[in-house]
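# Coordinate analysis (summary)
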Amino acid sequence: MADRVVLAYSGGLDTSVGIGWLRDATGKEVVALAVDVGQGGEDLDAIRQRALDCGAVESIVVDAKDEYADEYIVPALKANALYQKRYPLVSALSRPLIAKHLALTAKQLGADSVAHGCTGKGNDQVRFEAAVAAIAPDLRSVAPVRDLALTRDKAIAYAEQHALPIQQSQRSPYSIDQNVWGRAVETGFLEDPWNAPTEDLYTYTQDPAIPHEPDEVTITFERGVPVALDGQRFSVLQIVQELNAVAGKHGVGRIDVVEDRLVGIKSREVYEAPAAIALITAHEELERLTLERDVNRYKRGVESEWADLVYDGLWFGGLKRSLDAFVDHTQQHVSGDVRLQLHGGRATVTGRRSEQSLYDFDLATYDTGDTFDQTLSKGFIELWSLPSKISARRDAAN
């Protein structure tokens, strides 16, 4: 039905008010779509019912937690993805998945439009609309907050006027987005980058200053994918959930950063990503053991480009897909175990082993049994430094 619009629905103020706002502004019936990516909190059945109570003609909930873990988190982990070396793409990873279900639902229902609750200042508007354009280029994207002048004060007034069942006040101190890969907190007093985060804004992690005995965990990888904890096999989703709990207890994964948004402004963000930081730390260490030096060096540049592309909303773009092929090829020998100590806000590697290891004890040892022929080094150094020697002579003569 072309007279319908499918709205990415979170259950919060903006998207709840957005149902009626969209209907009034466009004349279209609104279908609400909520996608479970492990955000926790409110029961999704309650969110489904709220959408209906707010005027949606249909309310759909999709459980995409395993899909998110297997098809979005795993590629990010293989790429050791950290935007600007800090941010593990908490929100950026979930948006293309939500957009995919948004577009597919619209096509199934015959709708000609999709909608989201993003503002015109953030990255998510780009991520949603670029993903929808790649999947269903004929669909029109609408953003009530950005396109239809739905400001926060208007949203509160609309909710009160229509007695909408939402519990949110104008005094809410933070803007929060979360899923199983992490949690993002912004706005409020955090908008002054000099203000230190307060303990009340954290929920995925405990204060690392609280005394705890260290925990050790051994993570097993197969071809770059985490498959077991302490020898017991789990799904990727279960591993992420378990590490969120145990690493979060030690305050691992707290990130306070000023980052460069795609729209050209800088933004102060506070993230919690205990499982993400623990897994990336372990995976990167296993790569050091199993990848050749030139592959490891080159891959670091690819990882940075991969993270930039995903942050910029190009999950379904051609370059990102091509980089995926390279990253997947590098993972064929990234199998083995990494032992982490979790304590005091840090995930520290204390051991690594692999049947695919390139570490040769007999070559590395300085004790009896050393098989490294040190006499070869002198000639190697002569040849290695020859270009420098020749250019230095030239420079001295000028």
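Now for a look at the structure at hand.

## Regarding the side chain of Ser-113
For Ser-113, the location among the structural elements is in strand 4 (residues 113–115). With relative accessibility at 2%, the residue Ser-113 sits in the buried group. Looking at Ser-113, its side chain comes within polar contact range of the side chain of Asp-112, at 2.9 Å. Here Ser-113 is in contact with Arg-4, Val-5, Val-6, Lys-28, Ala-106, Leu-139 and Arg-140, once residues within four sequence places are set aside.

## Focus on the pairing of strand 9 (residues 225–229)
Taking burial as the measure, the five residues of strand 9 include five buried ones, the bulk of the element. In the sheet, strand 8 (residues 215–222) pairs with strand 9 via four bridges, with the strands oriented antiparallel. Pairing of Thr-220 across the sheet is with Ala-228, part of strand 9. Here strand 8 folds back onto strand 9, and the loop between the two strands holds two residues, one of which, Arg-223, carries a positive phi near 50 degrees. Connecting strand 9 to the antiparallel partner strand 10 (residues 232–233) that follows it, the hairpin turn spans two residues, and Asp-230 within it adopts a positive phi of roughly 50 degrees.

## Some thoughts on the nonpolar core
Core analysis: the biggest nonpolar cluster contains 83 residues, and Leu-89, Trp-306 and Leu-340 have the highest contact counts within it. Looking at which element gives the most residues to this core, the answer is helix 4 (residues 90–109), with nine residues. With sequence-adjacent residues up to four places away left out, Trp-306 is seen in contact with Pro-75, Ala-76, Ala-79, Ala-81, Leu-89, Leu-93, Trp-315, Lys-320, Leu-323 and Asp-324. The next biggest cluster of nonpolar side chains, apart from the first, holds 26 residues, and it includes Val-5, Ala-155, Ile-156 and Ala-159.

## Digging into the sheet that holds strand 12 (residues 266–272)
If you trace the four strands from one edge of the open sheet to the other, you get 6-7-12-11, paired in antiparallel fashion. Strands with a single pairing partner mark the edges of an open sheet, and in this sheet they are strand 6 (175–179) and strand 11 (254–260). Between one strand axis and the next, the sheet turns by 25 degrees as a mean value, whatever way the strands run. As paired elements, strand 11 and strand 12 share seven bridges and run antiparallel to each other. Its bridge partner being in strand 12, Val-258 is matched across the sheet by Arg-268.

## Overview of the sheet that holds strand 14 (residues 346–353)
Spatial ordering of the open sheet is given by 10-9-8-13-14, a layout of five strands whose pairing is antiparallel. Each edge of the open sheet is held by one strand with a lone partner, namely strand 10 and strand 14. The pairing of strand 13 (residues 336–343) with strand 14 spans seven bridges and is antiparallel. When the bridges of strand 14 are listed, Leu-340 appears paired with Val-349.

## Considering the side chain of His-250
Of note, His-250 is situated in the loop between helix 8 (236–249) and strand 11. Assessed through its relative accessible area of 2%, His-250 is described here as buried. At 3.3 Å, the side chain of His-250 forms a polar contact with the backbone oxygen of Leu-342. Setting aside residues no more than four positions away along its own chain, His-250 makes contact with Gln-206, Pro-208, His-212, Glu-213, Pro-214, Asp-215, Leu-342, His-343, Gly-344 and Gly-345.

What counts, and at which threshold
Residues numbered from 1 in each chain as written. Predicted model: local features only at pLDDT ≥ 70, side-chain atom pairs only at ≥ 80, totals over all residues. Heavy atoms only, no water. Helix = DSSP H or I, 4+ residues; strand = E, 2+ residues; numbered from the N terminus. Buried < 20%, exposed > 50% of the residue type's maximum accessible area, 1.4 Å probe, protein only. Polar contact = N/O pair within 3.5 Å; in protein donor to acceptor, adjacent residues only side chain to side chain. Contact = heavy atoms within 4.5 Å. Pairing = 2+ DSSP bridges. Core = buried A, V, L, I, M, F, W, Y, C linked by side-chain atoms within 4.5 Å. Axes fitted to C-alpha atoms, helices over the stretch in contact; angles between N-to-C directions.

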